[in-house]
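The lines below spell out each chain.
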Amino acid sequence: MSKENTLGKLSEKVGFAINSIPLKTAQKWAKRWTQKEGKYNKHHELNAFLIPAVDLRELLEEGGTHVRAYIGVQKVKAEQEGDKPTYIEKLMFVGTKYNPETKIYEDLITTPGKGVSVGEDADDIYDFTKPCPPYNDPNSPLEV
């Protein structure tokens, strides 16, 4: 299966609400990126991410003053037995607000202890990016 076809079926496969993912999934993807990053980039081509502007506007409308992006890798199981899984690079966005007491821009994420468990769906971590390639502009001056 091509990477583009896999991406097209992604929301259907993982069963998340559109553009939002659970904290547990975000943690898994971020951990996978950290574990693979050293050798991952040697074997996978990634130059950028395509991000719909409307999604960023909606994220900012949630009340944060800034947005933080975390890097992760989603593993999509192979559709046919014997095939290798597909790995899709991800940027996961969360709103942040500055806390003058801690002097930190704190993530606005629903976490355990605030009435939700880690495994439950969350609506405050967003994954609406598409990796480039295949969604890149081959004529961009940043394609080096």
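Provided above is the structure to which this section pertains.
Residues numbered from 1 in each chain as written. Predicted model: local features only at pLDDT ≥ 70, side-chain atom pairs only at ≥ 80, totals over all residues. Heavy atoms only, no water.

Asks: Tell me what's going on with the overall build of the protein chain, and back it up with residues and numbers.
Replies: When helices and strands are counted, the protein chain shows four helices and five strands. Looking at the protein chain residue by residue over its 144 residues, the buried ones come to 30%. Partitioning the contacts of the protein chain with sequence separation of at least 6, the portion at a separation of at least 24 is 72%. (Helix = DSSP H or I, 4+ residues; strand = E, 2+ residues; numbered from the N terminus. Buried < 20%, exposed > 50% of the residue type's maximum accessible area, 1.4 Å probe, protein only. Contact = heavy atoms within 4.5 Å.)

Asks: Give me a positive patch on the surface: which residues, what numbers.
Replies: Together, K24, K28, K75 and K77 make up a positively charged patch on the protein surface. Counting through the fold element by element, K75 comes out in strand β2 (residues 66-76). By relative accessible area, K75 is classed as partly exposed at 42%. (Patch = residues over 30% accessible without salt bridge, like charges linked within 9 Å, V, L, I, M, F, W, Y side chains within 5 Å. Areas by Shrake-Rupley, 256 points an atom, 1.4 Å probe, with all protein chains shown as cover. Salt bridge = Lys/Arg side-chain N within 4 Å of Asp/Glu carboxyl O. Lys, Arg positive; Asp, Glu negative; His and termini not counted. Charge placed at Lys NZ, Arg CZ, Asp CG, Glu CD.)

Asks: Quick one: what's the story with unusual backbone geometry, residue by residue and with numbers?
Replies: Note: most peptide bonds trans; most residues except glycine with negative phi. A cis amide bond links C132 to the next residue, P133, at an omega of -5°. Following P133, the chain continues into P134 via a peptide bond in cis, with omega recorded as 15°. Structurally, P134 can be placed in the segment after β5 (130-132).

Asks: Quick one: what's the story with the packing of aromatic side chains, residue by residue and with numbers?
Replies: Applying the stated criterion to the full structure yields one aromatic pair. Taken together, a centroid distance of 5.0 Å and an interplanar angle of 55° make the contact between Y98 and Y105 tilted. The class of Y98 is partly exposed, set by a relative accessible area of 40%. Residue Y105 is classed as partly exposed on the basis of its relative accessible area, which comes to 33%. Over the aromatic face of Y135 sits the side chain of K130, whose NZ or CZ is 5.6 Å from the ring centroid. (Phe/Tyr/Trp six-rings, centres within 6.5 Å; stacked < 30°, edge-to-face > 60°. Lys NZ or Arg CZ within 6 Å of the ring centre and 35° of its normal.)

Asks: Quick one: what's the story with the pattern of salt bridges, residue by residue and with numbers?
Replies: Summed over the entire model, instances satisfying the criterion amount to one salt bridge. Here D107 ties to R68 by a salt bridge, and the two come within 2.4 Å at their closest N and O atoms. One end of the pair, D107, is in strand β4 (residues 104-107); the other, R68, is in strand β2, with 39 residues separating them in the sequence.

Asks: Any chance you could break down the sheet that holds β2 for me, citing the residues and the numbers?
Replies: As summarised here, the arrangement of the three strands in space is β2-β3-β4, forming an open sheet in which the pairing is antiparallel. Taken across any chain shown, the strands that pair with only one partner, and hence form the sheet edges, are β2 and β4. Taking each pair of neighbouring strands and ignoring which way they run, the sheet shows an average axis angle of 40°. Pairing between β2 and strand β3 (residues 86-99): 11 bridges, direction antiparallel. The residue bridging I71 from the neighbouring strand is L91, located in β3. Packing against the sheet, helix α4 (residues 53-60) makes contact with β2 and β3, and its axis sits at approximately 35° to β3. (Pairing = 2+ DSSP bridges. Axes fitted to C-alpha atoms, helices over the stretch in contact; angles between N-to-C directions.)

Asks: Which residues make up the nonpolar core, and what values go with them?
Replies: Membership of the largest hydrophobic core is limited to eight residues, which are I21, L23, A26, W29, M92, V94, I109 and I125. Here M92 is in contact with I21, A26, W29, A30, R68, A69, Y70, I71, G72, I125 and Y126, once residues within four sequence places are set aside. With five residues, the next largest nonpolar core counts L59, L91, F93 and Y126 among its residues. (Core = buried A, V, L, I, M, F, W, Y, C linked by side-chain atoms within 4.5 Å.)

Asks: Please provide a residue-by-residue account of the environment of G63, values included.
Replies: Along the chain, G63 falls in the loop between α4 and β2. Distance in space between the C-alpha atoms of G63 and T96 is 8.4 Å, their sequence separation being 33 residues.

Asks: Go over the side chain of T129, please, and point to the residues and values.
Replies: Checked against the element boundaries, T129 lands in the loop between β4 and β5. Only 3.4 Å separates the side chain of T129 from the backbone nitrogen of L91, close enough to count as a polar contact. Look past the residues within four positions of T129 in its chain and what remains in contact with it is F49, L50, I51, K90, L91 and F93. (Polar contact = N/O pair within 3.5 Å; in protein donor to acceptor, adjacent residues only side chain to side chain.)

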